[in-house]
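One-letter residues, chain by chain:
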Amino acid sequence: MNVVKLCYTIMLATIFSSCSFNCWVGGDKSGVKTKPVTSADNTTLNGATIKNDIDLEATGVKLKEAYLLDANKERLVENITRVGERIYIVLKLDTGWVKENGKSFIGASERISTESGNVIVDATDVFKDYETTGISAADAKVISLSAVITQADTRVEDFVVRFRVWDKKGNGEIKGKYKFSIKK
């Protein structure tokens, strides 16, 4: 089973009453709303392009780019989606994960909550099934995590997504958060 199909299977297994989550690795898109990071912003992200007001930290890896996609995998100009439509975060790396026999061994977690802190989804390690086999080191250079809000309380419009991707064989780690709103 390829990585994309497995990630979609994992997503289906983690569906909760109001939200779901999935991931994929590999792929490429081009973009909008660029905020280059300079050494004055954060030396560990020097040279990275961060979009969509994503707040993140990187340790032991060289991040190239981070951005959000809509349900059609098009770059988001604003962090807004609709009920039932996916929103994706894409993390592109230049270097960082430890490679063993052409494989990388990474973990990824995502916690989705309302802006007031009510946790909707808490996926602790979506790559757990790859602990012994790993994934292609080339595919591990592009990580994507997604969420979909399937039901929204009319009083709740904003959601916070906290994510972490880490190297199970080394010290590389990317963690951060972003906010998005539901269009009414």
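Residues numbered from 1 in each chain as written. Predicted model: local features only at pLDDT ≥ 70, side-chain atom pairs only at ≥ 80, totals over all residues. Heavy atoms only, no water.

(A) Molecular detail of the overall build of the protein. Regarding its fold elements, the protein presents one helix and 15 strands. Within the protein, the fraction of its 184 residues that count as buried is 48%. Here the protein displays about 9,000 Å² of accessible surface, and carbon together with sulfur accounts for 47% of that area. (Helix = DSSP H or I, 4+ residues; strand = E, 2+ residues; numbered from the N terminus. Buried < 20%, exposed > 50% of the residue type's maximum accessible area, 1.4 Å probe, protein only. Areas by Shrake-Rupley, 256 points an atom, 1.4 Å probe, with all protein chains shown as cover.)

(B) Quick look at the pattern of salt bridges. One pass over the full model with this rule turns up 10 salt bridges. In this structure, the salt-bridge partner of Glu65 is Lys51, at a minimum N-O distance of 2.9 Å. Of the two residues, Glu65 is situated in strand β5 (residues 62-69) and Lys51 in strand β3 (residues 49-51); the sequence distance between them amounts to 14 residues. Here the two residues Glu65 and Lys51 agree in accessibility, since each one is buried. Here Glu100 makes a salt bridge to Lys169, at a shortest N to O gap of 3.8 Å. (Salt bridge = Lys/Arg side-chain N within 4 Å of Asp/Glu carboxyl O.)

(C) View of the pairing of strand β7 (residues 86-95). The buried count for β7 comes to eight of 10 residues, which makes it a mostly enclosed element. Bridge count between β5 and β7: seven bridges; the pairing is antiparallel. Within the sheet, the bridge partner assigned to Tyr67 lies in β7 and is Val90. Examined bridge by bridge, β7 and strand β13 (residues 142-149) share seven bridges and lie antiparallel to one another. Its bridge partner lying in β13, Leu91 is registered against Ile143. (Pairing = 2+ DSSP bridges.)

(D) A look at the sheet that holds strand β9 (residues 103-104). Reading across the sheet, the three strands line up as β8-β9-β12 and stay open at both edges, with antiparallel pairing between neighbours. Each edge of the sheet is formed by a strand with only one pairing partner; in this case those strands are β8 (99-100) and β12 (135-136). Pairing of β8 with β9, which is carried by two bridges, proceeds in the antiparallel orientation. By the bridge assignment, Lys99 is partnered in β9 with Ser104.

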